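Descriptive structure summary
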Amino acid sequence: TRLAELKRDDDSDDDSSDDDETPLCQLIDETGNIEAHLNKIEGLTMKDEDLVLQAAKHVKSARLMRKFANSKIELAKKDRENTELKYWERTQTIVVDYCQNLECLHVGDEQAGCTYYWSPLWAYVFGVTDASQTPEKLTAYTYPEGQGKKGANNVVSMIYRWLQQHG
């Protein structure tokens, strides 16, 4: 089956950090024990099988991206320690991401009562850190949904501000 082909292709891949686990095994069972789930897999329709294959490819891709990111972080840490390198010759690695949206109570004038509120106010939190620093220090930017969304302009503005403060 196509699942067996994916497992065979995955087993022959040298990029895996753990030879005993494939992304498909990890997807199905964190222990890597696929044997307990073979009956469930064999009963999958082609559509279900495609979804499992897509998920397995996603996990494999995520592992490769994590491996690449870790290599750049290690290079940035080594460059930071190397006093012979000029600042502009160093590898710089910053990590940025939004956390889960925060739901805040909104107690505006139009609320139904003192213990019930109509709609929550969402707050966005965006974090930036220099991965080469030890210990890493997170700078978090927080703003309510009324001041902006999670678009490219907001992200670039926060990264630009962080670079002005730390660059």
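Just above sits the structure.
Residues numbered from 1 in each chain as written. Predicted model: local features only at pLDDT ≥ 70, side-chain atom pairs only at ≥ 80, totals over all residues. Heavy atoms only, no water.

A few points about unusual backbone geometry
With an omega dihedral of -5°, the bond running from Thr134 to Pro135 counts as a cis peptide bond. As for its placement among the helices and strands, Pro135 is situated in the loop between strand S3 (121-130) and strand S4 (138-144). (Helix = DSSP H or I, 4+ residues; strand = E, 2+ residues; numbered from the N terminus.)

Examining the nonpolar core
Tyr98, Tyr124, Phe126, Val128, Tyr141, Tyr143, Met158 and Trp162 together form the largest nonpolar core, which totals 8 residues. Mapped onto this core, the elements with two or more residues apiece are S3, S4 and helix H5 (152-166). Residue contributions to this core peak at 3 residues, all from S3. Those residues in contact with Tyr98, other than ones at most four positions away along the chain, are Tyr124, Val125, Phe126, Tyr143, Lys149, Lys150, Asn154, Val155 and Met158. (Core = buried A, V, L, I, M, F, W, Y, C linked by side-chain atoms within 4.5 Å. Buried < 20%, exposed > 50% of the residue type's maximum accessible area, 1.4 Å probe, protein only. Contact = heavy atoms within 4.5 Å.)

What to know about the packing of aromatic side chains
Centre-to-centre distance and the angle between the planes together describe a pair of aromatic rings. Scanning the model with the defined rule gives 2 aromatic pairs in all. Taking the centre distance of 4.9 Å and the plane angle of 65° together, the rings of Tyr98 and Phe126 count as edge-to-face. Taken as a pair, Tyr98 in strand S1 (residues 94-98) and Phe126 in strand S3 lie far apart in primary sequence, 28 residues in all. Classification of Tyr98 as buried rests on a relative accessible area of 16%. (Phe/Tyr/Trp six-rings, centres within 6.5 Å; stacked < 30°, edge-to-face > 60°.)

Description of the pairing of S3
The element S3 is extensively covered by neighbouring structure, given that 8 of its 10 residues are classed as buried. The sheet contact formed by S1 and S3 spans 5 bridges and is antiparallel. Pairing of Val95 across the sheet is with Thr129, part of S3. Of the pairings in the sheet, the one linking strand S2 (residues 102-104) to S3 comprises 3 bridges and is antiparallel in character. From the neighbouring strand, Glu103 faces S3, where its bridge partner is Trp122. (Pairing = 2+ DSSP bridges.)

Any functional reading would require information that these geometric values do not contain.
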